Amino acid sequence: MDTRDAELKKELNATLQARRELGEEYESALVDSFLEKVDQRIDGAVERRVRRQLAEQQMATARGARSPRPTDTWSERFGFAIVSLVLAIPLSAIGGGVAGRSGLLFTWAGIVGVNLFQALRGNPDLFAGRRRERARREDREKSSAWEE
């Protein structure tokens, strides 16, 4: 049990004890007082969370990082690949049975597309190395053309 919960339980017990001693005519005042303490505690917790999240965002902005996003683990990517291959069997049968070879090719193009999208979503810089290398090569070719 959290110490804050223990404190809140003590406050509730004290409020109930005071109600027994003072009688029903003070019940609404006692309940209002207790609810005010609960509200203050909730407000404090929310304020701490908001401050922490703002500080985390400011740190990420200061570092020049993008907003944090959940990363896929290797097991999630592997599981996605296995599921897509398992589903490929009945999808291939349906596509091939309904539309022949073109249906089979269309089905596999969709399967490859979904897996490619998943790979790029998890690693947006997957093909960036090739693009950078191609850009460097083109820059070298342009600079050598200017030198000639």
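The name an unreviewed UniProt entry assigns to the protein is Integral membrane protein, from the organism Streptomyces hintoniae.

Enquirer: Could you clarify how one ought to interpret the pattern of salt bridges in this entry?
Expert: Working definition: two side chains of opposite charge can pair if their charged atoms are close together. Considering all chains together, one arrives at five salt bridges under this definition. Note that E7 and R41 form a salt bridge whose closest N and O atoms lie 3.6 Å from each other. Placement of the pair is E7 in helix 1 (residues 3–22) and R41 in helix 2 (residues 27–63), with a sequence separation of 34 residues. Given the relative accessible area of 42%, E7 is considered partly exposed. E24 serves as the salt-bridge partner of R19, at 3.6 Å between the closest nitrogen and oxygen. The exposure class assigned to R19 is partly exposed, which follows from its relative accessible area of 27%. The exposed category is assigned to E24, whose relative accessible area is 58%. The network of salt bridges with common partners includes R19, E24 and E27.

What counts, and at which threshold
Residues numbered from 1 in each chain as written. Predicted model: local features only at pLDDT ≥ 70, side-chain atom pairs only at ≥ 80, totals over all residues. Heavy atoms only, no water. Salt bridge = Lys/Arg side-chain N within 4 Å of Asp/Glu carboxyl O. Helix = DSSP H or I, 4+ residues; strand = E, 2+ residues; numbered from the N terminus. Buried < 20%, exposed > 50% of the residue type's maximum accessible area, 1.4 Å probe, protein only.

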